[in-house]
Amino acid sequence: RRRASPRSPAGYARFAARIPLVIAGSPYVAGPAHVVHIDEHRAARQIVERAFAEGRRRTVYVMPDLDDGATQYRRAAITAACDEVGMPLATVAAADRARLVSDIAARPQQVCVIAHHDLLAIEIVSLALKQGWRIGDDVSLMSYDNTFLAAYEGFGLTSVDQQPRVQARRALEVIMQRGSDGGLDLVVEPQLVVRTSG
């Protein structure tokens, strides 16, 4: 019989049945494991509302090639945020560069590109430069993670800070409370760090 992947709900449940398990950074909510993650819907609204206020009227979400549960949850949150303000949303896989260029090229000044994470956003900066687009002026670009790369001059990425220190502290607190029942869903408030890209 085929065993469940360690990162599948069944795999997490198998671990959590034997040891206290806290999953940080992922919105997995089924089974006995505790989870710590940002409010994805709040993060998506922060991005989309800022883009709308800037005058952007179309959104392109660039997702990683691995379409796992966390990616699906983020995509659903972005879709809901776009629906709230009436912005059309296109979803493009990271590897499909031709489609990404096509989705932006018609009217780049109307587009906000949302990258799934900062490393992907940096690839999009490179792609935009090849097309002659100025990030932040011709095309708005926002991403997630707020890594140290986001603040580098030349990137200046507007990025969602997922509060990793807060998530780590909440995870350790749950681990220390060994009497806690499984299945706690601990949500951390995200912070959109605004820079020149969007």
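One can find the structure itself at the top, above this paragraph.
This one's a predicted model, so the numbers in the text were calculated from it and none came from an experiment. Chains are numbered independently. Their residues run from 1 in the order of the written sequence. Local features in this predicted model are restricted to residues of pLDDT 70 or higher, and side-chain atom pairs are both shown and tallied only at a pLDDT of 80 or more, whereas totals for entire chains, interfaces and linings draw on every residue. Derived side-chain values reflect all non-hydrogen atoms in the structure, with water molecules and hydrogen atoms excluded from consideration.

1. Regarding the side chain of S197
Point 1. Residue placement: S197 occurs in the segment after β9 (191-193).
Point 2. Here S197 falls in the buried class, since its relative accessible area comes to 1%.
Point 3. Within the structure, S197 has its side chain in polar contact with the backbone nitrogen of T158 (distance 2.8 Å). A run of H or I in DSSP becomes a helix once it reaches four residues, and a run of E becomes a strand once it reaches two; helices and strands are each numbered from the N terminus. Between buried and exposed lies partly exposed: a residue is buried under 20% and exposed over 50% of the maximum accessible area for its type, with that area taken using a 1.4 Å probe on protein chains only. Polar contacts, as used here, are pairs of N or O atoms within 3.5 Å; protein pairs need one atom able to donate a hydrogen and one able to accept it. Residues neighboring in sequence count only if both atoms are side-chain atoms.

2. Structural notes on the sheet that holds strand β6 (residues 140-144)
Point 1. When DSSP locates at least two bridges between a pair of strands, those strands are taken to pair. Read from one edge to the other, the open sheet built from six strands follows the order β4-β3-β5-β6-β7-β9, with strand pairing classed as mixed. Pairing within the sheet leaves two strands with one partner each, and these edge strands are β4 (89-93) and β9. Looking at each pair of strands side by side, their axes are set apart by 20° on average, direction ignored.
Point 2. Two elements, β6 and strand β7 (residues 158-161), share three bridges in a ladder whose sense is parallel. Residue pairing across strands places Y144 opposite V160, the latter belonging to β7.
Point 3. The sheet contacts of helix α3 (residues 69-85) involve β3 (58-63), β4, β5 (111-115) and β6, and relative to β3 the element is tilted by about 175°. Here the axes come from fitting lines to C-alpha atoms, over the contacting stretch only for helices, and the angles between their N-to-C directions go from 0 to 180 degrees. Contact criterion: two residues are considered in contact whenever any of their non-hydrogen atoms come within 4.5 Å of each other.

3. Thoughts on the packing of aromatic side chains
When we look at a pair of aromatic rings, we describe it by the centre distance and by the angle of the planes.
Point 1. We call Phe, Tyr and Trp rings a pair once their centres come within 6.5 Å, taking the six-membered ring for Trp, and we label the pair stacked below 30 degrees between planes, edge-to-face above 60, and tilted otherwise. Summed over all chains, the structure comprises one aromatic pair.
Point 2. Ring geometry for F148 versus Y152: centroids 5.9 Å apart, planes at 70°, classification edge-to-face.
Point 3. Residue class for F148 comes out exposed when judged on its relative accessible area of 59%.
Point 4. Classification of Y152 as partly exposed rests on a relative accessible area of 43%.
Point 5. Comment: the charge-over-ring label is applied if NZ (Lys) or CZ (Arg) is within 6 Å of the ring centre and within 35 degrees of the ring normal. Looking at R57, its charged tip hangs above the ring of F52, at a distance of 3.9 Å from the centre.
Point 6. Positioned above the aromatic ring of Y144 is the side chain of R74, whose terminal nitrogen or guanidinium carbon lies 3.7 Å from the ring centre.

4. A few points about unusual backbone geometry
Point 1. Here the phi dihedral of N146 falls at roughly 50°; this positive angle occurs in a residue that is not glycine.
Point 2. Residue placement: N146 occurs in the loop between β6 and β7.
Point 3. Although it is not a glycine, Q163 sits at a positive phi angle of roughly 55°.

5. A word on the pairing of β4
Point 1. By the alternation rule, side chains of β4 split into A90 and V92, which are all buried, and L89, T91 and A93, of which none is buried.
Point 2. Across five bridges, β3 lies against β4 in parallel orientation. By the bridge assignment for β4, T59 is matched with L89.

6. Details of the sheet that holds strand β8 (residues 185-188)
Point 1. Pairing is parallel in the open sheet, where three strands are placed in the order β1-β2-β8. Strands with a single pairing partner mark the edges of an open sheet, and in this sheet they are β1 (22-24) and β8. Between one strand axis and the next, the sheet turns through 15° on average, direction left out of account.
Point 2. Contacts from helix α6 (residues 164-176) reach β1, β2 (34-38) and β8 within the one sheet, and its direction differs from that of β2 by about 165°.

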